[in-house]
Amino acid sequence: MKKLGTKYIHAGANPDPSTGAIMTPIFQTSTYVQESPGVNKGFEYARSQNPTRQALEEALAVIENGKFGLAFSSGVAATDAVIKLLVPGDEVIAAADMYGGTYRLFTKVFEKFGIVFRYVDTTDVAAVKAAVTPKTKLIWLETPTNPLMNITDIAAIAAISKEAGTILCVDNTFASPYLQNPLDLGADIVMHSATKYLGGHSDVIQGALVINDQALRDQLYFIQKSCGAVPGPMDCFLVLRGIKTLHLRMQQHCINGEKIAHWLRAHPGVSKVYWPGFEDQPGYAIAKKQMRGFGGMISFELKKEGVEEVNRVLSSTKLFSLAESLGGVESLINHPATMTHASIPREERIKNGLSDSLIRLSVGVEDAEDLIEDLKQAIG
Ligand SMILES: *Cc1c(COP(=O)(O)O)cnc(C)c1O
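This write-up is about the structure you can find in this document.

Some details on the sheet that holds strand E9 (residues 297–302)
Next up, step 1: An order of E8-E9-E12-E11-E10 is seen for the 5 strands of this open sheet, with the pairing classed as mixed. Because the sheet does not close on itself, it has two edges, and the strands there are strand E8 (270–274) and strand E10 (321–322).
Next up, step 2: On the sheet, helix H10 (residues 246–266) packs against E8, E9 and strand E12 (358–362) and is oriented at approximately 10° with respect to E9.

Following this line, the structure appears as C-alpha cells:
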C-alpha cells in the first residue's frame, strides 16, 4: 500500500481522456447527449452522475481506505442520507457530545418522522452496549468530539455494533483521514464534513460518505440521487484539490496544535485545556492507539469566569478570526455556547460538560510563534 502523501496526490487522478488534461476538468453540465435512447457514455443527468464528482468520489474512497465514496452538498446532507436508511420506529444510539448541527438534524427533523435517538456517553463502552435494543439500527459516533475532544474507542464500539447487527457510522471530520481511518477499525460508514480539513481552505461547503459494502453503497447512492443533495462540479474540483495537500496541512496542524496546547496549559490565566494529545487526558491511550496524531483542534476555559472575560478574549485576537467552522489553513476562534453549539439546549450542554466559558480554537498552518503571540496579547 502506498504511503499517505502519495495516495492523496494520486487519489482519483486520471488524465482527462478527451484532452489529456492532468487535472479533472470542472464538468459544468446538467445533462449528456445520448446517441440513441438509452445509449450513452455512462452519464445521463448530472444529479445522478458527473465526471468531476466521480473523480472526487474515487479519491474519497482511496483516502479513507474504503471501496466507495459518495459526495454530498454539505456535511449535514451526508448525515441526512445516512438517517434516511432508517424507517419509523428504528432506534439510533448517538454520541451525547457531538456537532450541534447533527444534534439539531436528529432532534428537530428526524424525531418527528418517528426515528428514536438515544444519546449516550459513547466513551463508556458498557453504556453503549446497555443502550442497544432489538430496534437499534444505527450507532452514530464522533471522535474526537466537537468541542470537548472526547475520544471513543471505535474498534470496541464496532464489536458491539457487529454483534447487534447495526450499522456503525463515524463522523471523522475532526481527525481527517490523515489521522484516523474508522473503516479499518470496523466502522461501516465514514462521514465527513469536507467543508473542513478535506477542502482545507474555507472556500466550499461539502459532505462525504465512504463505505465498503456494495449493498449499503447502493442504498446510499439511491438516496443521494433520489433526494438530490449533490455538490456542484466546481465544489468537487475544490475538494479534489484540497485532498492533494491534506498530508502537508495536517502535519503542520499537528505541530502547531501541540505547541499551542502546551503553551495554553502553562498559562496562569487558563484553567483547563482540552486536546487529545495530553497524556493525562481521559482517552489518551485510545487516541494513541487509533489516531496517527492529535490534530489542531483545541478547546480551553479561562480561570476568570464570566461572559465579559470570554467576550474580551474572543474579540481581542488578531490572527485568530472569530468565526464558526474549522480545518482551514487560517486559524479560527469560536465560542461554542453561542455559535457552533447554540442549537443544543443550555441544560443539555452543561450536563455534557460544555460550559458557557469554553473557547474553541481551530489552529491553522501559520507560524506557531505568531499564533502564540496573538493568544498571549488576547488572554493577557
Ligand atoms: C461542520 C461539521 C458538520 C456539518 O458539516 P457541514 O459541511 O457544515 O454541513 C458535521 N460534523 C462535524 C464534526 C462538523 O464539524
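Once the structure has been displayed, the description carries forward.
Let's talk about the site of the ligand
Next up, step 1: Neighbouring residues of the ligand: 14 residues in total, closest Gly75, Asp171, Ser193, Thr195 and Lys196.
Next up, step 2: At a separation of 2.7 Å, a nitrogen atom of the ligand approaches a polar side-chain atom of Asp171.
Next up, step 3: The separation between an oxygen atom of the ligand and a polar side-chain atom of Thr195 is 2.7 Å.
Next up, step 4: Protein contacts shield 94% of the accessible area of the ligand, which totals 380 Å² for the unbound molecule.
Next up, step 5: Of all the cavities here, the one that holds the ligand is the largest pocket.
Next up, step 6: Here the residues of the shell around the ligand are counted per class, giving 4 nonpolar, 7 polar and 3 charged.

Thoughts on the packing of helix H3 (residues 75–83) against helix H4 (residues 100–110)
Next up, step 1: Contact geometry of H3 with H4 gives a least axis separation of 10 Å together with a crossing angle of 45°. Considering the angle they form, H3 stands oblique to H4. Remark: the crossing between H3 and H4 carries right-handed chirality. For the pair H3 and H4, the contacting residues are Val76, Thr79, Asp80 and Ile83 in the first and Gly101, Thr102, Leu105, Phe106 and Phe110 in the second.
Next up, step 2: Taken together, the residues that form the contact of H3 with H4 break down as 5 nonpolar, 3 polar and 1 charged.

Focus: the pairing of E12
Next up, step 1: Taking burial as the measure, the 5 residues of E12 include 5 buried ones, the bulk of the element.
Next up, step 2: Neither face of E12 is open: one carries Leu358, Arg360 and Ser362, the other Ile359 and Leu361, and all of them are buried.
Next up, step 3: Sheet topology note: the E9/E12 ladder contains 5 bridges and is antiparallel. Bridge assignment links Glu301 to a residue of E12, and that residue is Leu358.
Next up, step 4: In terms of strand pairing, strand E11 (residues 332–334) meets E12 through 3 bridges, oriented antiparallel. The residue bridging Leu332 from the neighbouring strand is Ser362, located in E12.

What to know about the state of the cysteines
Next up, step 1: The final tally for this structure, using the stated rule, is 0 disulfides.
Next up, step 2: Unpaired in this structure, Cys227 has its nearest cysteine sulfur neighbour in Cys169, at a distance of 16 Å.
Next up, step 3: Look at Cys227 and you get partly exposed, because its relative accessible area is 45%.
Next up, step 4: The structure places no disulfide on Cys236, whose sulfur is separated from the nearest cysteine sulfur, that of Cys227, by 18 Å.

Comments concerning helix H12 (residues 307–314)
Next up, step 1: Listed as buried for H12 are Glu309, Val310, Val313 and Leu314. Within H12, the buried residues cover an arc of 135° as seen down the axis, which keeps them to one side. Exposed residues lying more than 90 degrees from the buried face of H12 are Val307 and Glu308.
Next up, step 2: Elements that come into contact with the buried residues of H12 comprise E9, E10, E11, E12 and helix H14 (368–379).

Considerations on the pairing of strand E3 (residues 116–120)
Next up, step 1: As paired strands, strand E2 (residues 91–95) and E3 are joined by 5 bridges and run parallel to one another. Bridging from a neighbouring strand, Glu91 pairs with Val116 of E3.
Next up, step 2: In this view, the connection linking E2 to its parallel neighbour E3 by way of H4 has right-handed handedness.

Considering the packing of aromatic side chains
Next up, step 1: Overall, the coordinates contain 9 aromatic pairs when judged by the stated rule.
Next up, step 2: Seen from their ring centres, Phe110 and Phe113 are 6.3 Å apart, and the 50° between their planes marks the pair as tilted.
Next up, step 3: Its relative accessible area of 7% is what places Phe110 among the buried residues.
Next up, step 4: Take Phe113: its relative accessible area is 49%, and that puts it in the partly exposed class.

A look at the layout of surface pockets
Next up, step 1: Looking at the largest pocket, its volume works out to about 370 Å³.
Next up, step 2: Taken together, 23 residues form the lining of the largest pocket, with Val76, Tyr99, Ser193, Thr195 and Lys196 sitting closest to its centre.
Next up, step 3: Of all the secondary structure elements, the ones that give two or more residues to the lining of the largest pocket are H3, H4 and strand E6 (189–193).
Next up, step 4: Split by residue class, the lining of the largest pocket holds 7 nonpolar, 10 polar and 6 charged.
Next up, step 5: The residues that make up the lining of the largest pocket include at least three from each of domain 1 (4–244) and domain 2 (246–379).

Conventions we followed
- Residues numbered from 1 in each chain as written.
- Predicted model: local features only at pLDDT ≥ 70, side-chain atom pairs only at ≥ 80, totals over all residues.
- Heavy atoms only, no water.
- Pairing = 2+ DSSP bridges.
- Helix = DSSP H or I, 4+ residues; strand = E, 2+ residues; numbered from the N terminus.
- Contact = heavy atoms within 4.5 Å.
- Axes fitted to C-alpha atoms, helices over the stretch in contact; angles between N-to-C directions.
- Near = heavy atom within 4 Å.
- Polar contact = N/O pair within 3.5 Å; in protein donor to acceptor, adjacent residues only side chain to side chain.
- Areas by Shrake-Rupley, 256 points an atom, 1.4 Å probe, with all protein chains shown as cover.
- 1 Å grid on protein atoms, 1.4 Å probe; cavity = no way out; pocket = protein on both sides within 12 Å on 5 of 7 lines; lining within 4 Å.
- Sits in = over half its atoms within 2 Å of the grid points.
- Nonpolar A, V, L, I, M, F, W, Y, C, P; charged D, E, K, R; others polar.
- Parallel < 35°, antiparallel > 145°, perpendicular 65-115°, else oblique.
- Left-handed = near helix turned anticlockwise from the far one by under 90°.
- Buried < 20%, exposed > 50% of the residue type's maximum accessible area, 1.4 Å probe, protein only.
- Disulfide = S-S within 2.5 Å.
- Arc of directions from axis to C-beta.
- Right-handed = clockwise from strand over helix to strand, strands pointing away.
- Phe/Tyr/Trp six-rings, centres within 6.5 Å; stacked < 30°, edge-to-face > 60°.
- Points joined across faces, edges and corners; volume = space filled by probe spheres on them.
- Domains from an automatic or database assignment.

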